[in-house]
Amino acid sequence: MPKKKSLHSPIRRCAACRRTAPKHTLLRFVRDPQTRQVAFDPSQRLPGRGAYLCPNAECFRLARKRKSLERALNAPIPEAVLQAAQAQLEREQLAS
Ligand SMILES: [Zn+2]
């Protein structure tokens, strides 16, 4: 199947609130296909199964409480990964 070229960003769903949004506006987490380790993926280019969160504190809170990312990726999410994503979110909020 030929790759479709689109000017539009693909749509992904937030694991916490289930809202959909263009992929590039969401925070991506990825599970490495070999090690099954979950990492924060600010470049959105790492291979593996991805899960997404809205870039806001409420979705972080929900995701932690409901273990949404663990469930979406079927793997434990290290605290350091959540903290890296949260730090990125805070930097973006300061920048805008
Ligand atoms: Zn959300």
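This one's a predicted model, so the numbers in the text were calculated from it and none came from an experiment. (Residues numbered from 1 in each chain as written. Predicted model: local features only at pLDDT ≥ 70, side-chain atom pairs only at ≥ 80, totals over all residues. Heavy atoms only, no water.)

Draft legend 1. The arrangement of the coordination of the zinc ion in detail. Donor atoms from the polypeptide that bind the zinc ion are Cys14 (SG), Cys17 (SG), Cys54 (SG) and Cys59 (SG), placed at 2.2 to 2.3 Å. Bound by four donor atoms, the zinc ion shows angles of 104 to 116° at the metal and therefore tetrahedral coordination geometry. Donor residues for the zinc ion sit on one chain with the sequence pattern C-x2-C-x36-C-x4-C. Of the two residues, Cys14 is situated in the loop between β1 (11-13) and β2 (20-22) and Cys59 in helix α1 (residues 57-66); the sequence distance between them amounts to 45 residues. Take Cys59: its relative accessible area is 1%, and that puts it in the buried class. (Donors = N, O, S within 2.8 Å, 3.2 Å for Na, K, Ca; no water. Tetrahedral: all angles 85-135°; square planar, octahedral: opposite > 155°, others 65-115°. Helix = DSSP H or I, 4+ residues; strand = E, 2+ residues; numbered from the N terminus. Buried < 20%, exposed > 50% of the residue type's maximum accessible area, 1.4 Å probe, protein only.)

Draft legend 2. Spatial organisation of unusual backbone geometry. Its identity is not glycine, yet Gln44 carries a phi of approximately 60°, on the positive side. Along the chain, Gln44 turns up in the loop between β4 (38-40) and β5 (49-53). On the basis of relative accessible area, Gln44 is assigned to the buried category, the value being 16%. Its identity as a non-glycine residue notwithstanding, Lys67 has a phi of 55°, on the positive side. Here Lys67 is to be found in the loop between α1 and α2 (68-73). Here Lys67 falls in the partly exposed class, since its relative accessible area comes to 47%.

Draft legend 3. Main features of the environment of Ala21. When you line up the elements, Ala21 lands in strand β2. The class for Ala21 is buried, based on a relative accessible area of 16%. With 32 residues separating them in the primary sequence, Ala21 and Leu53 have C-alpha atoms 9.7 Å apart. Apart from residues lying up to four places away in sequence, Ala21 is in contact with Pro10, Ile11, Arg12 and Leu26. (Contact = heavy atoms within 4.5 Å.)

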